[in-house]
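Fold and geometry: a report
Below are the chains, spelled out letter by letter.
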Amino acid sequence: MSHWQQLKNKALELTYRTADQHVRLAVTGLAGAGKTAFITAIINKLINASPEHASQLPLFTVCLEHRLLETKRVLQPDLQLASFAYDAALAQLTGEQAQWPASTTNISELRLAIKYRPKQGFRGRLLNGASATLLLDIVDYPGEWLLDLPMLEQDYQQWCRTIWATVTNLSRSPFYDEFKASVMALQPAADASDELLATIANHYQRLLQDMVQQQGFYLAQPGRMLLPGDLAGAPILSFFPLLPEQLTAADAFGRNSIYQILEHRYQEYVAKVVRPFYHDYFAGFDRQLVLVDCFTALNRGKAQFDDMTKALNAITQSFRFGRRSLLRRLFAPKIDRLLFAASKVDQITRDQQGNVLALLNAILAPGRNFADSAGCAVETMAVSAIRATKPGMVRDSEYGEQEVVVGNRLSDRQPVTLYPGQVPRQLPDAVFWQQQGFRFCDFAPPQLQPGQTFEHIRLDYLLNFLLGDKLQ
Ligand SMILES: Nc1nc2c(ncn2[C@@H]2O[C@H](COP(=O)(O)OP(=O)(O)OP(=O)(O)O)[C@@H](O)[C@H]2O)c(=O)[nH]1
Ligand SMILES: [Mg+2]
């Protein structure tokens, strides 16, 4: 090999080592979409995938080709973040009575080192038969935090109008009247007092918590009111939307007026809470997965389902990679693969899985063209991270052979064999909602026997889309 060739190879190797050996994967989704279960499952699958177990992930090419050598957890890059509690989640899932991991209350991270044998060809030749390592960073956080993303593009007045535009939903809560009355009684030009604002912010918080936890809605801003953590009681979280009619001529109100103080707190919240979260953790992502739980939303009813559609589209609008997005600077236009996955599809029969994919596409249709233009591959799939049911067949005297799912109901852990019903291929219309609702069943996690591993639906296909090209 000539000296020049050696030098060139060295330079290429360096590029290869530094640029291509690292993937940051954002696993996002609204609260309860299945992020933590998903992350636990892919860590588990990757750690246990070895050339001998290639058959577990047949659609993950690197695995099928026996080139996936070993996956290990290694030191995470961000020292100030908690580590993703993989061991705790796994212990819960494999305990004497298997439990789903608890709902997430803070951000955490985990890094995997995936050792693989590159394919022959350019990289293979470069490494001369040696193995290569891909570092994969995965970040988990509470779904509620994602809801604040659209606030980055709104000022306080726009935000107030957006919130009050959802009054038909808000007024379903028994806490609505109390909140509305307390806001109406305010003179926004009058001087603010901390106590008064704190009292009304508490009313607003109670309303949001009830909307999400009892009424089953998704959109709730600011998201930290649902899970305040360190911010509980801090003035930065002590704000709420004034009524649109209270905003007239508000810019002229004095510096200590209620309006100005609320506006200031809103701006501070966006600048000090929302922006750093997205800037620090989202800006560097290369690949984005958005999990969507269609079944819970269908079970809850039309208003809630529409609210989920709206929330998802508001968020994905903000993922836009197009030139017009204000967030372009925040979200590095680095993301080159974006995957929307309908989660938990083990809850339905196999014949319905095409339907849930069609439904997911219908849900995402309004915001769909945001990424296409920027050379970002967008894909939709239907997956289950941890399969809690098995498919079965029953013979029905009226309908003949009928596909069913078999599992243990989450509520009482009783074994059930059921046909969960049809999944609509499109957004269901009003008549449909009136005539029949949906009753998809939540299942307890599988009780693994010694030596058994979790089953999944299409996790291998998903891994291939998100990582396959990096493991060539
Ligand atoms: N049947 C089935 N249920 C699942 C699966 N994944 C998650 N679930 C159910 O969905 C619930 C929520 O899953 P999580 O992984 O906690 O969801 P999350 O998105 O992390 O939720 P937050 O942390 O609250 O934002 C679990 O408690 C399970 O009941 C799956 O693959 N199959
Ligand atoms: Mg979680």
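Shown above is the structure to which this text applies.
A brief structural summary. (Residues numbered from 1 in each chain as written. Chains lettered and ligands numbered in written order. Predicted model: local features only at pLDDT ≥ 70, side-chain atom pairs only at ≥ 80, totals over all residues. Heavy atoms only, no water.)

1. Digging into the environment of Leu219
With respect to the secondary-structure elements, Leu219 resides in the loop between helix H9 (194-213) and helix H10 (258-282). Residue Leu219 is classed as partly exposed on the basis of its relative accessible area, which comes to 25%. Taking the C-alpha atoms as reference, Leu219 lies 8.1 Å from Lys310; in sequence the two are 91 residues apart. Once residues lying within four places of it in the same chain are set aside, the contact partners of Leu219 are Leu147, Asp307, Lys310 and Ala311. (Helix = DSSP H or I, 4+ residues; strand = E, 2+ residues; numbered from the N terminus. Buried < 20%, exposed > 50% of the residue type's maximum accessible area, 1.4 Å probe, protein only. Contact = heavy atoms within 4.5 Å.)

2. Structural notes on the coordination of the magnesium ion (ligand 2)
The magnesium ion (ligand 2) binds to the protein through Thr36 (OG1) and Thr104 (OG1), with metal-donor distances spanning 2.0 to 2.1 Å. One end of the pair, Thr36, is in helix H2 (residues 35-48); the other, Thr104, is in the loop between helix H4 (86-94) and strand E4 (108-116), with 68 residues separating them in the sequence. Residue classification places Thr104 among the buried residues on the basis of a relative accessible area of 15%. (Donors = N, O, S within 2.8 Å, 3.2 Å for Na, K, Ca; no water.)

3. Here's the deal with the pairing of strand E1 (residues 22-29)
In terms of burial, E1 is largely enclosed, as seven of its eight residues are buried. Bridge analysis of E1 against strand E5 (residues 132-140) gives five bridges, and the strand direction is parallel. If you follow Ala26 over to E5, its bridge partner there is Val139. With five bridges joining them, E1 and strand E6 (residues 287-292) adopt parallel strand pairing. Each residue of the ladder has a partner; that of Gly29, found in E6, is Leu291. (Pairing = 2+ DSSP bridges.)

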